[in-house]
Amino acid sequence: MGAKPFIKDRGEIGLPIIAGALVLFGMVMIYSASGVLAGHRMGDSAYFLKRQLLWTLIALPLAVAASRIDYQRWKGWLAALALFVLLLLLAVLLPGVGREVNGSRRWLPVLGLTVQPSEFAKLFVVIYTAHYLSRKEGIFPPLAVSGLAAVLIMIEPDFGTTVSLLMVVGLLLFVGGAPIRHLATLALVGFPMLATWALSSPYRRERLLTFLDPWQDPTRHGFQIIQSYLALGGGGALGLGLGEGRQKLFYLP
């Protein structure tokens, strides 16, 4: 028998086209946003574009390889994946193991690179939730697993990743046919808890509420929002054109 094709039928061609378009669009935006800064600091305006291209070339064969794995096989790897992700999320919290940056311990140094265990956790939670939804065994197991992952990520702390993970789980439960009343109950219980946790820290509270009056602190917390106002005011609805934006000219950190 021949090798398994990358795209088995016409119905699957849309996904790689969309992914490819997003990658190309991202490269254009990276070069447009970083060219001036890279030229000033690195002496090469395409420095960040080249790095993105390198990682894209690394990711492409990995994506092709992943597409050739029957998704049903992931079911047999759930226990090993759960243990692997749990160990990573615990390891990153250990002093001397996880790398701390600006008060957050989110990264693990590996072979000269840094990885975020929370990224592996997001992938695992998607696989685990989809598995249990396909078995029609209720929503408690995926909620318990995603809740544990969310708590460990919150401890780092990483509020943005926590929220995105819980949103993905909520969308999967909705698409998987979970009763609306159960989802509504989860939202009514979970949202106040997340809001309380987010507003309990002064720096998170400032980041979340600065948009109400960015001019109160125009040189620090309100600076980026004010620059966005200036960008929208200068470019209007259609913008100034590709590469012509002014806020990238050393106005933003």
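Data block above holds the structure.
Bear in mind that the values here come from a model prediction, so they are computed numbers and not experimental data. (Residues numbered from 1 in each chain as written. Predicted model: local features only at pLDDT ≥ 70, side-chain atom pairs only at ≥ 80, totals over all residues. Heavy atoms only, no water.)

Caption draft 1: Here's a closer look at helix H9 (residues 223-235). A rise of 1.5 Å per residue sets the reference length of H9, with its 13 residues, at 18 Å; its end C-alpha atoms lie 18 Å apart and thus fit the reference within 8%. Within the span of H9, buried status applies to Ile226, Gln227 and Gly235. The buried side chains of H9 occupy one side of the element, clustering within an arc of 155 degrees when seen end-on. Turned more than 90 degrees off the buried face of H9, the exposed positions are Leu232 and Gly233. Count one or two residues on from H9 and you reach Gly236, which has phi positive near 65 degrees. (Helix = DSSP H or I, 4+ residues; strand = E, 2+ residues; numbered from the N terminus. Expected span 1.5 Å × (residues − 1). Buried < 20%, exposed > 50% of the residue type's maximum accessible area, 1.4 Å probe, protein only. Arc of directions from axis to C-beta.)

Caption draft 2: Representation of the packing of helix H3 (residues 78-91) against helix H4 (residues 117-135) in the model. Between H3 and H4, whose axes approach to 9 Å, the crossing angle comes to 150 degrees. When the axes of H3 and H4 are compared, the pair comes out roughly antiparallel. Relative to H4, H3 is oriented so that their crossing is left-handed. Contacts between H3 and H4 involve Leu78, Leu81, Ala82, Phe84, Val85, Leu88 and Leu89 on the former and, on the latter, Pro117, Ser118, Phe120, Ala121, Phe124, Ile127, Tyr128 and His131. Residue classes in the contact of H3 with H4 are distributed as 13 nonpolar, 2 polar and no charged. (Axes fitted to C-alpha atoms, helices over the stretch in contact; angles between N-to-C directions. Parallel < 35°, antiparallel > 145°, perpendicular 65-115°, else oblique. Left-handed = near helix turned anticlockwise from the far one by under 90°. Contact = heavy atoms within 4.5 Å. Nonpolar A, V, L, I, M, F, W, Y, C, P; charged D, E, K, R; others polar.)

Caption draft 3: Seen up close, the sheet that holds strand S1 (residues 99-101). Read across the sheet, 3 strands follow the order S1-S2-S3 without closing on themselves; strand pairing throughout is antiparallel. Because the sheet does not close on itself, it has two edges, and the strands there are S1 and strand S3 (113-115). With direction set aside, neighbouring strand axes in the sheet form an average angle of 45 degrees. Direction of pairing for strand S2 (residues 104-110) relative to S3: antiparallel, over a ladder of 3 bridges. Paired with Pro109 across the strands is Thr114, a residue of S3. (Pairing = 2+ DSSP bridges.)

Caption draft 4: The arrangement of the packing of aromatic side chains in detail. For the coordinates displayed, the defined rule picks out 6 aromatic pairs. Seen from their ring centres, Tyr47 and Phe48 are 5.1 Å apart, and the 85 degrees between their planes marks the pair as edge-to-face. With a relative accessible area of 29%, Tyr47 lands in the partly exposed category. When the centroid spacing of 5.9 Å and the interplanar angle of 85 degrees are considered together, the rings of Phe84 and Phe120 count as edge-to-face. (Phe/Tyr/Trp six-rings, centres within 6.5 Å; stacked < 30°, edge-to-face > 60°.)

Caption draft 5: Focus on the packing of helix H6 (residues 159-175) against helix H7 (residues 180-199). Close contact between H6 and H7 brings their axes to 11 Å; oriented N to C, the two are set at 175 degrees. Relative to H7, H6 is oriented roughly antiparallel. Contact residues: Phe159, Thr162, Leu166, Leu173 and Phe174 in H6; Ile180, Leu183, Leu186, Leu194, Trp197 and Ala198 in H7. Per-class residue counts for the contact of H6 with H7 are 10 nonpolar, 1 polar and no charged.

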